[in-house]
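Summary of structural features
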Amino acid sequence: MFNSRHPRLSKKGRIWGLCILLLYTNPLSCLANFSQAKELIYKIKEGLPRGTFIGAIGVDLNLDFSADPPFIFSLTQKKVSEQYVNLNNTTGELYTSATEIDRETLCADNVEGKGCVLSLDVFVLPQQYFQLIKVKIWIEDVNDNRPKFPTDEITLSVPENAPINARYAVEQSALDPDLGPHGVQTYWLVNDFGMFTLDVEENEGGELTPFLIVTEALDRETQAEYITDIIAEDGGTPPLLGAATLKIVITDVNDNCPQFKESQINVTLHGNTTKGVHLARLHAFDPDLGANAQISYAYSERVPRDTRSLFHLDKITGLITLAGKIDTGTAAFYKLTILAFGPGCIPAVATVTVHIIKVVTGPPTVIPRYIAPEKDGVITIKESEPAFSPIAFFTINNIDKNQRVDCHLEGPGPFRLGPYQLFKNEYLLETTEPLDYERIQEYELIVVANSTHGIVIKTFLKVQVLDENDNAPVFQHSLVEISVEENNPPNTFLTQLQASDQDSESRGEVMYLLGGDAPGIFVVDQVTGILTVAASLDREEKETYRFIVRAVDQGTPRRESIATVVVTVQDRNDNSPRFINKDFTFFVPENFPGYGEIGVLSVTDADAGENGWVALSILNGSDIFMIDTGRGALRAKTSLDREQQGTYQLWIEAVDGGEPALSSVTMVTVLLLDVNDNPPIVLFPQSNQSYMLVLPNTLPGTSITEVYAVDKDTGMNAVIAYSIIKRKGGEPGSFAIDPETGNITLKRELSNRGLYSLLVKVSDHGQPEPLYSTVMVNFFVNETVSNESYIQSLLTREADIEVEERPWYIGQMAEGPERYEPFPCQPVLIALSVTCLGLFFLVVTLTSYICCRRFKKSRKKRSEVEIPLKIQNDSMQAVNRKLRQISNI
């Protein structure tokens, strides 16, 4: 962490960190030479929860994770990794562990301004990709400690003659383990009694000291002491507070106080310094005489107790001596704050900084770190490992600055020991060529370290080569074809599988297994390879079984090969012919022509070959009906009449071609359907010349009359519908007819007297084409019938009848009779007549030209006579066709 009060220093520190990160995190290929050292730097905050992501080593090194075999990442410092970080062995991702990182605990000896770093060594494996990665994790400080005063109560003596604005240091200042802005930033009083205020000063070391300032004149006789709370506040967000009781005691005055000649003393101390050595002597003087000039020395309360025990301070002379033994393997830094007390005086403050220099003692040590598997000093390597596979790492420790150590390898075999580049005193042991178990199974090696002082250190190693399972079993036949009849007894023997393995011992023992696609009815003996079927097979259920069998050895890793087994089930005549329906019913219209196809009887036989051939025959009624043996089509020899017999029941037998033959019987019912061959007959009105008197004042909605008709057919052929298709007189929509009952209702008031005529169409619902009849319904609108002969003349007079309303089914589709013009026949008839006349004249002209001239006049007269007749006939046919189209809508 960098001190926030020195922004220029903090900025330089961040730039320095960025430069290091860029220097050591250049993209490197996963196939780069493993001997190139790499260093990665990450930054995290202290106190992160378990599982927090720190960094991805593999991604930052730009490793190709598609490589085969895959990468493996391993931590060498197990204790450190287990305590603070977890490493994903496959992805190289670092995460925080269950132990929360506390910067103040991890880096308790770090001086403020120096960073807290957790260093790790990570191996990248397997051997062909080996790399040593130096990982540094910078722990950044967070505001997780509140300021704390050394004591709960602080006593401060102030002379009663203290002038206004006099300053008195509160030596028991609060301590905050956090750094920079997270440390103590200010102090304040809860109650200043209107007599005091508080100021904060920063010394050269960056420490804050609160000063009590007198703002009013003091009088001990009026009030001898003041008690309040002093608050220490850090710079976190939100800030954390610490409090202590401040007891201000007003004393009598002494106008001179001790002063140190040197307020800052630096001492350098070697780690092997003996106990009792004098480190420094503090000198303070007081111009006063007598008792007021007596000076005593003491440590400040901010000096830890174990530090006071290590460095003894003479209270009278101010001499500091080493009172304990310093650990020779550590390098430490101590800061001693010493106070000089005089009678009634504010103590003077001096700081002694003690730097401990680490001293190397004893011979160098060789620390092995094994990359290949190791147990009790024996290293095992597989014979399949490639050349230049790393085996172990050796680190030379406890080396003096003026001492140099050389390391080399002794012993036979394809091995070499060399320095690991960029890292001093690091050596890598690796193979130079692949190992062969069949040639040499074991090697004995010695790692020798020679120092310039003549010290020789030897480390003995034993390397064992492991045999590998490098041969897979081989089947005698890769495709095994087997035939078995259906309905076989359970546990029927099928075949014995045979496979061999060239490996020795357990690696050559073969075990037979069924593949995952093998049905559960097949069983194979794992030792003998005998294949059996546990259940009876049915060819009709499944004719062919195809599955995989495996031959697996007992080596590690296991090797295997596969073969394909094809089991064909042979057919037996064990299935009777089967009709697709239990019985059949066919509906045939009456008058159906002879030898027409009435229906098809579908029959199947699950057997194959001749066992599945089926022949059909009629057991009864063969004099009327016949059946096609091949297709199963049922036909009648003659036309059938529903009036003579409406239903026929036949028994049909199906026989297969097996030996012995199997058969089945089904019943066929033939039902004759009625044909629409009778049009409706109008019973009322009895003729087109009848009429009905309707009064002019008849109200709309009044039922006037009813058209009644019957149909001799049955079913839908006898259902009758009524509709008005033409009218004469009155306005369109004056009358409406009920399509079901034939009831005619007045819809509008009758404004004119006279004869109204409606042409009503009576149609059935027969198929494929309805049949119909028409009737003329006449209404005479008047109060009375005064001249019946006149009415009859009107009925017989020939006149055009306009189309008034749509048929009943058209009226149900759209509202209002005026929206639809059902039959615009007049323009169609005129156009048709003109076209026919033109064609006829053309034919006559060509024929007349060819014929003899003497028959020209007679031919022309005959043509003139025939033309009107043909036009009249064609016109009537077109009208009738149009009427049928309207009725079919």
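A brief report on the enclosed structure follows. As the structure is a computational prediction, the values presented were derived from the model and not from experiment. (Residues numbered from 1 in each chain as written. Predicted model: local features only at pLDDT ≥ 70, side-chain atom pairs only at ≥ 80, totals over all residues. Heavy atoms only, no water.)

So, about the environment of Ile 154. Within the secondary structure, Ile 154 sits in strand β8 (residues 153–159). Sequence spacing of Ile 154 and Lys 247 is 93 residues, and the spatial spacing of their C-alpha atoms is 5.9 Å. Once residues lying within four places of it in the same chain are set aside, the contact partners of Ile 154 are Phe 149, Val 170, Gln 172, Ile 230, Ala 244, Thr 245, Leu 246 and Lys 247. (Helix = DSSP H or I, 4+ residues; strand = E, 2+ residues; numbered from the N terminus. Contact = heavy atoms within 4.5 Å.)

On to the state of the cysteines. In total, this model carries 2 disulfides according to the counting rule given. Across the disulfide, Cys 107 is cross-linked to Cys 116 (sulfur-sulfur distance 1.8 Å). Taking the sign of the S-S torsion, 70° for the link of Cys 107 and Cys 116, the bridge is right-handed. Classification of Cys 116 by relative accessible area gives buried; the value is 2%. Cysteine pairing in the protein chain follows 1-2, 3-4, where each cysteine in a disulfide is numbered by its order in the sequence. (Disulfide = S-S within 2.5 Å. Buried < 20%, exposed > 50% of the residue type's maximum accessible area, 1.4 Å probe, protein only.)

With that settled, consider the sheet that holds strand β25 (residues 374–375). Here we have 5 strands laid out as an open sheet, ordered β25-β26-β32-β31-β28, and mixed in their pairing. Taken across any chain shown, the strands that pair with only one partner, and hence form the sheet edges, are β25 and β28 (405–410). Pairing of strand β26 (residues 378–382) with strand β32 (residues 456–466) involves 5 bridges; the strand directions are parallel. Residue pairing in the sheet places Ile 379 in a bridge with Val 463 of β32. (Pairing = 2+ DSSP bridges.)

What follows deals with the pattern of salt bridges. Tallied over the full model, the rule gives 24 salt bridges. Ionic pairing is found between Lys 134 and Asp 121, a salt bridge with its closest N-O pair at 3.1 Å. You can see Lys 134 sitting in strand β7 (residues 131–140) and its partner Asp 121 sitting in strand β6 (residues 116–125), a full 13 residues away along the chain. Assessed through its relative accessible area of 8%, Asp 121 is described here as buried. Linking Glu 207 and Lys 335 is a salt bridge whose minimum nitrogen-to-oxygen distance equals 2.6 Å. In this pair, Glu 207 is assigned in the loop between β11 (196–202) and β12 (208–214) and Lys 335 in strand β22 (residues 333–341), connecting sequence segments 128 residues apart. With relative accessibility at 23%, the residue Glu 207 sits in the partly exposed group. By sharing partners, the salt bridges in this structure join Asp 121, Lys 134, Arg 369 and Glu 426 into a single network. (Salt bridge = Lys/Arg side-chain N within 4 Å of Asp/Glu carboxyl O.)

From the geometry alone we can't say anything about function, so treat these as descriptive.
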